[in-house]
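# Summary of the model geometry
Here is how the chains run, residue by residue.
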Number of protein chains: 2
Amino acid sequence: DELGRTMNGKHLGPYKKEKLTHLRVYWHNSVNGRNPSSVMIQQPVLNSSLSGSITMMDDPLTFDVPRNATVVGQAQGMYVAAAQGEIGFLMVMNFAFTTGKYNGSTITILGRNVVMSKVREMPVVGGSGIFRFARGYVEARTKSFDLKAGC
Amino acid sequence: DELGRTMNGKHLGPYKKEKLTHLRVYWHNSVNGRNPSSVMIQQPVLNSSLSGSITMMDDPLTFDVPRNATVVGQAQGMYVAAAQGEIGFLMVMNFAFTTGKYNGSTITILGRNVVMSKVREMPVVGGSGIFRFARGYVEARTKSFDLKAGC
């Protein structure tokens, strides 16, 4: 018996044709306060600020800027402070959407986030549900940064 | 208002057409010495040599073989000793390029690296900047291995 079975392309159904979709979400990361959305699970190893640390996150994604705007999903994953000379994270995360036609679908992002740069581009490496076979990119821009709240 | 907006494919601009590019870099990983480029952040868990360990790296990529050749970028990420019976790493990393037209662009690699094999192929799962929408593969070959310096 064969491990793999070749199938007809028609099984791809609606996924055969690619559609270009633009999504904008506001991503809220908090490391302090009553219930922080992310937690450092590995402390920095070098005497530098963050290098070597790993932070796990379950950050809300909202439809609009304010933290209490409608939540459209969660960013779940890790940011890994791999860079030694600057604050440069390897981000590995799933955007799990929870509203409308996107509910239950995810987008997977794996890329480099140098937080002090104005725009950080990271690849979308896959997706599930409505985003099956997704490829693309995200552009992260810092809207606001509160050192005390760490978000 | 909708979370997602369908867009015209022309917005992909130059990225609509794929180009095949070959890059060769020399990747220097050092775990010992004065300032090692990688640091083990999770110790091996089994009584075996490396299994279960996680090492975080910010390794220089050079244009030519010698360690002091021109640096063209950094490999930032982690290698995870997932295999139990052999030295087999899950590699998750971004090649962040710093020279010429590639400066500021990245390639993201996620794959398996059995270091004792002659050639190890790993998938390129994405990229950013000039490498936006990248897909492809890398072939890793060990050029030299210095147990003392661990690189």
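Data block above holds the structure.
Note that the coordinates shown come from a computational prediction; the quantities given were computed from them, not determined experimentally. (Residues numbered from 1 in each chain as written. Chains lettered and ligands numbered in written order. Predicted model: local features only at pLDDT ≥ 70, side-chain atom pairs only at ≥ 80, totals over all residues. Heavy atoms only, no water.)

Ranked by size, the top nonpolar core spans 20 residues in total, and within it A:M91, A:M93, A:F95, A:F97, A:I107, A:I109 and A:F131 carry the most contacts. Secondary structure elements with two or more residues in this core: β4 (54-62), β5 (71-81), β6 (88-97), β7 (106-114) and β8 (120-128) of chain A. Among the elements that make up this core, the one with the highest residue count is β6(A) (five residues). Apart from the residues lying within four places of it in its own chain, the contact partners of A:I109 are A:M91, A:V92, A:M93, A:F95, A:M122, A:P123, A:V124 and A:V138. Among the nonpolar cores identified, the runner-up in size contains 18 residues, and B:Y79, B:F95, B:I107 and B:I109 belong to it. (Core = buried A, V, L, I, M, F, W, Y, C linked by side-chain atoms within 4.5 Å. Buried < 20%, exposed > 50% of the residue type's maximum accessible area, 1.4 Å probe, protein only. Helix = DSSP H or I, 4+ residues; strand = E, 2+ residues; numbered from the N terminus. Contact = heavy atoms within 4.5 Å.)

It takes a turn of 119° to lay chain A on chain B, together with a shift of 0.0 Å along the axis; the resulting RMSD is 0.1 Å. A rotation of that kind, with that shift, is consistent with a three-fold axis. Rotation axis and chain A: the residue whose C-alpha lies nearest the axis is A:V125, separated from it by 3.4 Å. Both copies present different contact surfaces, since only 8% of the interface residues of chain A are interface residues in chain B too. (Least-squares fit on C-alpha atoms with pLDDT ≥ 70 in both.)

A cluster of nonpolar side chains, A:V39, A:I41 and A:M56, forms an exposed patch at the surface whose accessible area comes to about 270 Å². Examined against the element boundaries, A:V39 turns out to sit in strand β3 (residues 38-42). (Patch = residues over 30% accessible without salt bridge, like charges linked within 9 Å, V, L, I, M, F, W, Y side chains within 5 Å. Areas by Shrake-Rupley, 256 points an atom, 1.4 Å probe, with all protein chains shown as cover. Salt bridge = Lys/Arg side-chain N within 4 Å of Asp/Glu carboxyl O.)

With 38 residues of chain A in contact, the opposing surface of chain B contributes 36 residues. Interface area for chain A against chain B, summed over the two sides, is near 2,800 Å², with a carbon-plus-sulfur share of 64%. At the junction of chain A and chain B, the tally comes to two salt bridges. Linking chain A with chain B are ten residue pairs in polar contact (both at pLDDT 80 or more), by the criterion used here. Where the side of chain A that touches chain B is concerned, the elements lending two or more residues are β1 (20-23), β5, β6, β7, β8 and β9 (136-140) of chain A. Looking at side-chain class alone, the side of chain A that touches chain B contains 20 nonpolar, ten polar and eight charged residues. Inspection of the sheet shows β1(A) paired to strand β1 (residues 4-7) of chain B by four bridges, in the antiparallel sense. Counterpart to A:H22 in the pairing with β1(B) is B:R5. (Buried area = accessible area lost by both parts, 1.4 Å probe. Polar contact = N/O pair within 3.5 Å; in protein donor to acceptor, adjacent residues only side chain to side chain. Nonpolar A, V, L, I, M, F, W, Y, C, P; charged D, E, K, R; others polar. Pairing = 2+ DSSP bridges.)

Before going further, it helps to examine empty space enclosed by the protein. Scanning the entire structure with this criterion turns up one cavity of 30 Å³ or more. Estimates place the volume of the largest cavity at around 50 Å³. Along the walls of the largest cavity sit ten residues, with A:G52, A:A82, A:Q84, B:V39 and B:M56 positioned nearest its centre. In the lining of the largest cavity, the residues fall into seven nonpolar, three polar and no charged. (1 Å grid on protein atoms, 1.4 Å probe; cavity = no way out; pocket = protein on both sides within 12 Å on 5 of 7 lines; lining within 4 Å. Points joined across faces, edges and corners; volume = space filled by probe spheres on them.)

Following the sequence through the fold, A:E121 ends up in strand β8. Polar contacts involving the side chain of A:E121 include one to the main-chain amide nitrogen of B:G129, which spans 3.1 Å. One polar contact links A:E121 to B:R132, side chain to side chain, over a distance of 2.8 Å. Excluding its chain neighbours within four sequence positions, the residues that come into contact with A:E121 are A:R112, A:Y137, A:V138, A:E139, B:G127, B:S128, B:G129 and B:R132.

Now for the packing of aromatic side chains. In total, this model carries 15 aromatic pairs over all chains according to the counting rule given. With centroids separated by 6.2 Å and ring planes inclined at 65°, the aromatic side chains of A:W27 and A:F95 adopt a geometry described as edge-to-face. Residue A:W27 is located in strand β2 (residues 26-27), and its partner A:F95 is located in strand β6; the two are separated by 68 residues in the primary sequence. Classification of A:W27 as partly exposed rests on a relative accessible area of 29%. Classification of A:F95 by relative accessible area gives buried; the value is 8%. Three or more aromatic residues joined by ring pairs form one cluster here, namely A:W27, A:F95, A:F97, A:Y102 and A:F131. Above the face of the A:Y137 ring, B:R132 is positioned so that its terminal group lies 3.7 Å from the ring centre. (Phe/Tyr/Trp six-rings, centres within 6.5 Å; stacked < 30°, edge-to-face > 60°. Lys NZ or Arg CZ within 6 Å of the ring centre and 35° of its normal.)

Residues and elements named next belong to chain A. Inspection of every chain in the model, using the stated rule, returns eight salt bridges over all chains. In this structure, R112 engages E86 in a salt bridge whose closest nitrogen and oxygen atoms are separated by 2.7 Å. Here R112 is found in strand β7, whereas its partner E86 is found in the loop between β5 and β6, with 26 residues between them in sequence. For R112, a relative accessible area of 17% gives the class buried. Between R141 and E139 there is a salt bridge, with its nearest N and O atoms 3.1 Å apart. Residue R141 is classed as exposed on the basis of its relative accessible area of 51%. On the basis of relative accessibility, which here comes to 38%, the residue E139 falls in the partly exposed class.

By themselves these figures say nothing about function.
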